[in-house]
Amino acid sequence: MYRRPLQFAARSFARVSACRAASVFDKEACFRALAACQQAGVSSPFVTPCRTLHVTTQLCNVKETRQHTEEEVGAFTKLIEAMGFTGPLKYNKWKIKIAALRMYTCCVERINYDEFFEKCTLPDTLNSWFLVAQLHVWMCLVRMRQEGREGKYMCRYIVHSMWEDVEQRSKIMGIDAIHRKEAMKAMTETFYAAIFGYDEGVLSDDCVLAAALWRNLFNRQCEDPRQLELMVEYVRKQMQYIDALDGDDLLLTGEVKWRPLVEENAQSILKVVKPTYNDAGL
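Analysis parameters
- Residues numbered from 1 in each chain as written.
- Predicted model: local features only at pLDDT ≥ 70, side-chain atom pairs only at ≥ 80, totals over all residues.
- Heavy atoms only, no water.
- Axes fitted to C-alpha atoms, helices over the stretch in contact; angles between N-to-C directions.
- Helix = DSSP H or I, 4+ residues; strand = E, 2+ residues; numbered from the N terminus.
- Parallel < 35°, antiparallel > 145°, perpendicular 65-115°, else oblique.
- Left-handed = near helix turned anticlockwise from the far one by under 90°.
- Contact = heavy atoms within 4.5 Å.
- Nonpolar A, V, L, I, M, F, W, Y, C, P; charged D, E, K, R; others polar.
- 1 Å grid on protein atoms, 1.4 Å probe; cavity = no way out; pocket = protein on both sides within 12 Å on 5 of 7 lines; lining within 4 Å.
- Points joined across faces, edges and corners; volume = space filled by probe spheres on them.

Asks: Pulling in residues and values, what's your account of the packing of helix H6 (residues 126-144) against helix H8 (residues 177-203)?
Replies: Remark: H6 packs on H8, axes separated minimally by 10 Å, with the N-to-C direction vectors making an angle of 45 degrees. As summarised for this structure, H6 and H8 are arranged oblique, according to the angle between their axes. Note on packing geometry: the crossing formed by H6 with H8 is right-handed. Touching Leu126, Asn127, Phe130, Leu131, Gln134, Leu135, Val137, Trp138, Leu141 and Val142 of H6 are Met187, Thr190, Phe191, Ala194, Ile195, Tyr198, Asp199 and Val202, all from H8. Looking at the contact of H6 with H8 residue by residue, the class counts come to 14 nonpolar, 3 polar and 1 charged.

Asks: Break down unusual backbone geometry for me, with residues and values.
Replies: Phi is positive for Asn219, which is not a glycine, with a value near 55 degrees. Here Asn219 lies in the loop between helix H9 (206-216) and helix H10 (225-243). The phi torsion at Arg220 lies on the positive side, around 60 degrees, for a residue other than glycine. Residue placement: Arg220 occurs in the loop between H9 and H10.

Asks: Please set out empty space enclosed by the protein residue by residue, giving values where relevant.
Replies: Applying the stated criterion to the full structure yields 1 cavity of 30 Å³ or more. Taken as a whole, the largest cavity encloses approximately 30 Å³ of empty space. As for the largest cavity, its lining consists of Leu126, Val166, Ser170, Ile175, Arg180, Ala183, Met184 and Met187. At the level of elements, helix H7 (148-172) and H8 are the ones that each hand at least two residues to the lining of the largest cavity. Of the residues that constitute the lining of the largest cavity, the class distribution is 6 nonpolar, 1 polar and 1 charged.

Asks: Lay out the environment of Met154 with the relevant residues and their values.
Replies: With respect to the secondary-structure elements, Met154 resides in helix H7. For Met154, the contacting residues outside a window of four places in its chain are Ile96, Ala99, Ala100, Met103, Met144, Leu250, Leu251 and Gly254.

Shown next as structure tokens:
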């Protein structure tokens, strides 16, 4: 009857003592908190449980994605953003828009789509092009969401640029307005469904990521497990590489250089090239 109230009182005393010890570095308070925890049979407030990290079989050295600390914004900024507007950002909004357009351009102009069609046995159609493009756009969105409010603002214009490009390509191909509207609606549903699937896959093991690629990229028509293995390895190494890029450079330039689809040593991450200077500063 008395064990539960005693544990509750001990936990309360331990938390208060821990806060006091952390704020003023009182050693006696630390010892009293630890003694109270041991008497009540509860864990120490100073011991943080380790979080288990998943290690993939393909890229066992992929580092954990860093978490961006949420910046503190004022009440006025929160109000106008709740109304659908964008508050003041660290960088000029026009520069971020240009960088977003450049990043999307990297997703469509720096990718060898013919190689993807050949290696993954995809038909050379507008839909296949869109499935490959949305995979790279998703990887950019994952990276930029780590850059706080500026990154989220940039994500909006990356997606906006994608839909503008898809519509223009469909017009050039001669698709009439009715079929173009239906195709855009189907692509929109496919895109947002793929985002959820890829997000789950990149945070889980390779089996979950392979299932997401099988559903979205291969459209449930892949019978060769080597193709799935190739794409899982490709996504892992690209996420590893793009995560190593500097966030401020991405916000201002939007430049992304993708790793090749097939390479000899996928385990090795390509180091970001940085300028070197001599003693004279040149």
